[in-house]
There are 2 protein chains.
Amino acid sequence: MEKEHIAIVGAGLVGSMQACYMAQRGYQVSVFERRGDIRKAEIAAGKSINLALSDRGWKALRGINMEEAIREIAIPMKGRMIHALDGELSFQPYSKDGKCIYSVSRGGLNQLLLEKADEYEGVSLHFNKQCKDIDLKTNSIRFKDVVSGEVITQKFDRIFGTDGAYSAVRLRMQKVDRFDFSQEYLSHGYKELEIPALPNGEHRMDLNSLHIWPRGEFMLIALPNMDGSYTVTLFFPFEGPTSFESIKTEQDVVDFFERTFPDAVPHMPNLVEDYFANPTSSLVMIKCDPWHYEDKVCLMGDSAHGIVPFYGQGMNAGFEDCTYFEALMVEHNSDWTKVLEAYSKIRKPAGDAILELAVRNYIEMRDLTADPHFVLQKKIEKRFAKKYPEKWMPLYEQVTFSHIPYEEALERGDIQNRIMQRVMDRPDIEENWDSESVEQAIIAEVQALKLPSPLSLQD
Amino acid sequence: MEKEHIAIVGAGLVGSMQACYMAQRGYQVSVFERRGDIRKAEIAAGKSINLALSDRGWKALRGINMEEAIREIAIPMKGRMIHALDGELSFQPYSKDGKCIYSVSRGGLNQLLLEKADEYEGVSLHFNKQCKDIDLKTNSIRFKDVVSGEVITQKFDRIFGTDGAYSAVRLRMQKVDRFDFSQEYLSHGYKELEIPALPNGEHRMDLNSLHIWPRGEFMLIALPNMDGSYTVTLFFPFEGPTSFESIKTEQDVVDFFERTFPDAVPHMPNLVEDYFANPTSSLVMIKCDPWHYEDKVCLMGDSAHGIVPFYGQGMNAGFEDCTYFEALMVEHNSDWTKVLEAYSKIRKPAGDAILELAVRNYIEMRDLTADPHFVLQKKIEKRFAKKYPEKWMPLYEQVTFSHIPYEEALERGDIQNRIMQRVMDRPDIEENWDSESVEQAIIAEVQALKLPSPLSLQD
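Residues numbered from 1 in each chain as written. Chains lettered and ligands numbered in written order. Predicted model: local features only at pLDDT ≥ 70, side-chain atom pairs only at ≥ 80, totals over all residues. Heavy atoms only, no water.

Quick look at the nonpolar core
One finds Val29(A), Phe319(A), Phe325(A), Val29(B), Phe319(B) and Phe325(B) to be the most contacted residues of the largest nonpolar core, which totals 145 residues. If sequence neighbours within four positions are ignored, Phe319(A) has contacts with Leu13(A), Val14(A), Met17(A), Leu53(A), Gly57(A), Ala60(A), Leu61(A), Leu109(A) and Leu113(A). (Core = buried A, V, L, I, M, F, W, Y, C linked by side-chain atoms within 4.5 Å. Buried < 20%, exposed > 50% of the residue type's maximum accessible area, 1.4 Å probe, protein only. Contact = heavy atoms within 4.5 Å.)

Brief notes about helix 12 (residues 406-424) of chain B
Between the first and last C-alpha of helix 12 of chain B there are 26 Å, a value that for 19 residues agrees with the 27 Å anticipated at 1.5 Å per step. Among all positions in helix 12 of chain B, only Tyr406(B), Ala409(B), Leu410(B), Arg412(B), Gly413(B), Ile415(B), Gln416(B), Ile419(B), Met420(B), Val423(B) and Met424(B) are buried. (Helix = DSSP H or I, 4+ residues; strand = E, 2+ residues; numbered from the N terminus. Expected span 1.5 Å × (residues − 1).)

Details of the packing of helix 9 (residues 336-366) of chain B against helix 12 of chain B
For any two helices packed against each other, the geometry comes down to the angle between their axes and how far apart the axes lie. All names here are of chain B. Relative to each other, helix 9 and helix 12 sit at 45°, their axes nearing to 7 Å. As far as their axial angle goes, helix 12 and helix 9 are oblique. The residues of helix 12 that touch helix 9, namely those facing Ile346, Arg347, Pro349, Ala350, Ala353, Ile354, Glu356, Leu357 and Arg360, are Tyr406, Glu407, Leu410 and Asp414. The residue inventory of the contact of helix 9 with helix 12, partitioned by class, reads 8 nonpolar, no polar and 5 charged. (Axes fitted to C-alpha atoms, helices over the stretch in contact; angles between N-to-C directions. Parallel < 35°, antiparallel > 145°, perpendicular 65-115°, else oblique. Nonpolar A, V, L, I, M, F, W, Y, C, P; charged D, E, K, R; others polar.)

Section: the sheet that holds strand 7 (residues 101-105) of chain B
In a beta sheet, neighbouring strands pair by backbone hydrogen bonds and run either parallel or antiparallel. All names here are of chain B. Sheet architecture is open: 3 strands sit in the order 3-7-4, paired in antiparallel fashion. What marks the edges here is a single partner per strand, and that holds for strand 3 (50-53) and strand 4 (75-77). Sheet twist, expressed as the average angle between the axes of neighbouring strands with direction ignored, equals 35°. Pairing between strand 3 and strand 7: 4 bridges, direction antiparallel. (Pairing = 2+ DSSP bridges.)

Some details on the environment of Arg172(B)
Residues and elements named next belong to chain B. As for its placement among the helices and strands, arginine 172 is situated in helix 5 (residues 168-173). It is 8.5 Å that separates the C-alpha atoms of arginine 172 and aspartate 135, two residues lying 37 residues apart in sequence. Among the polar contacts listed, one links the side chain of arginine 172 to the backbone oxygen of isoleucine 134, at a separation of 3.1 Å. (Polar contact = N/O pair within 3.5 Å; in protein donor to acceptor, adjacent residues only side chain to side chain.)

Let's talk about the relation of the copies chain A and chain B
Both copies of the chain are related through a single rotation about an axis accompanied by a shift along the same axis. Aligned on chain B, chain A shows an RMSD of 0.0 Å; the corresponding rotation is 180° and the shift along the axis is 0.0 Å. On this basis, the relationship between the two copies can be described by a two-fold rotation axis. Of the C-alpha atoms belonging to chain A, the one lying closest to the rotation axis is found on Ser182(A), 2.0 Å away. The fraction of interface residues of chain A whose copies in chain B are also interface residues reaches 100%, indicating that both copies meet through the same surface. (Least-squares fit on C-alpha atoms with pLDDT ≥ 70 in both.)

Brief notes about the interface of chain A and chain B
Contact residues are listed per partner, giving 18 residues for chain A and 18 residues for chain B. A combined buried area of about 1500 Å² lies between chain A and chain B, and 40% of that area is made up of carbon and sulfur atoms. Considering only the surface of chain A that becomes buried against chain B, Arg178(A), Gln183(A) and Tyr185(A) emerge as the three largest contributors, covering 39% of it. Connecting chain A to chain B are 2 salt bridges. Residue Glu239(A) pairs with Arg178(B) through a salt bridge whose shortest N-O separation is 3.1 Å. One can count 13 residue pairs in polar contact (both at pLDDT 80 or more) joining chain A with chain B. In terms of residue class, the side of chain A that touches chain B is built from 7 nonpolar, 5 polar and 6 charged. (Buried area = accessible area lost by both parts, 1.4 Å probe. Salt bridge = Lys/Arg side-chain N within 4 Å of Asp/Glu carboxyl O.)

This is the structure we're talking about:
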């Protein structure tokens, strides 16, 4: 029997990874990418250039034997370093026991994954090929070569749409009867800036932190790069009294940054130049349902669930799609009808949940991290979770350091939060936050609700 | 100065009407329609073939001097005729003072509006022209002639997208940064059937009613046609124990209808044939924002706000778009930048509101109309509104017989409903529904909330 021929449309992070998973199963895999070969490209400035990799992502990388290679380009971040207006720093660890998230270069990671995919005999890579349309009856794709202008049409057994939030594959599925779809933009956008390395190549701030300047309605963040620099991102309203719209001149930029992020300014010698040279980008949220078409077409990553970046889970959720897909192939013995149906059914609630979590986390990052009451709540939770790991896992750890399905993490997080609201309402909470009495109150609530152990929620 | 050239993409109800409004203002108007000339066409069976026209629609027709012509093809419906399972009929009037909605043929109405548009010197009609793409930079449209295959590209000063729920114009706007869009399907679909005229051409049931067979989870409805027939529509779940999926054989159809709509079956000699010949259609809900692009492109009708048919407001809302647009042209002296911005801003909340109202009305029609408690509530409201028109207007009348903005009707309706819930909770309500005491209780609530007169909400 001839090997099935799989098309993967989009050679980004998720597409490259899924190519590896499909090649591991012995399929013939053709990967098509609208852009040129990223392995030969300078990474474009002003586009999201580093990402936070965490447990779900590592698990998926392990499945294609790429964990070790990626470890070498990943910088551990142990927690949030909060920069107050007066320059005071406070460190908020991500976990009770030193677990980290990892800053990696999107371009570098993509290059390594593509190289890995290219090593498989069954994989062929095709660049500058833009998907123009799909004929769902014949399962053939019409590509245009964006360099030569040539148009080719090719038929496949299966098609994966890993072509991102503005997916051409999904655009075709949108015309299928009873396909639900939404794209919704935040009223905030972002602009990438830079803190360059010191002349000696060293980092200008603590290396193993994700730096946040929380300012209520907006924030600045910085993630470290291997070359000593930080990628800095301003998340900011498009319109309003303090917004991208309101900052017009070079002096406006300087005034705003000196007033709002005074300790960052000395680290940003190219601030004004970067501000005007780099684009202001929007933040879109994508939902659709189902994520597949018959036994033929499957959406993965941002094309199925385009989320906002505030939980650092966009890539991790996309990689987890691959892990789940692989598990379903095993479970259903490569019966594509069953696999694709189960994949949509299982992963759609996960996609909705991580989007909701990510939207909420914007408020946590930009506002609550600077709120002493909130910080105390997190401290109580961490202390309790360390003592009673079978009773409690803070929401952030469920999402970032566990494999609990996102939708269960969201639900459990809401329950835990309601418990904590009552604990935080105690008039003596600031003095007695680490008391036996507070501890017993939490235990009583957990027992009254008969909450299962968070450890049992692991998938 | 050369006259501005306006493209109207879609010669359906709203497109034909907007062509008239634009021609009245002296513009050069080109109307493009994917299908052939509906004036020469047999109206396709199985597609929604009559509609309920009400006050908002009449107002828009008046603005292009088409009220009288349409009155001649409109059948007044004074209320709902509820068909119980045992065949018992009960009549629920739409208003306290005999106001009607009107059953009109979609095809007949469209033909008359197109003829009207064609009478204007400035209007040209182009059929079989499918919009393939729009270049938003140059404001030019690429059309394909679906008969000859010829492709033409033409530039316009303004473009109206009146091409329905699956709008090609909107599909292009979907690629514009920060354009929000969603399409969501109901889990219920519909199938059109027919009650033919009697051999002598007369109607088989009460002519001046909208007939409903409410059955909880689903319903059958029938609207009268001029030729003595009724268009019958089954609204029904796609999947589940009693659903389109579960009805497979001719015997299934007969059994289901005889069990569920026994008094309708004798009127439907072609039931089985129609059931299998006519398509099962889905119900999509469309939202987007904004409804315009710069000062160039404008969405109207279903392309901007595709709603479900349960309030009989789809066409009326689309026609009202035209009325508002015309008023804004007057207000802003044809300044397109201002007009289009104001149009999006004012009409988007109206579109969201009528969608919400329409979704809710499905439950009212299929379930609550058969609920004595609900029927009593409506009776109390009607009685009160008749006595105190300056204090109360039932929600249905706000939507159907007034020009109160939909979003205000929705809000006011919710407030009134909360008041009525408290009234209906009175243990003696069934005996004393028309008592002075109930009346005073409602007055007290209205006064306590300082509700403005519904008459003052009129736009």
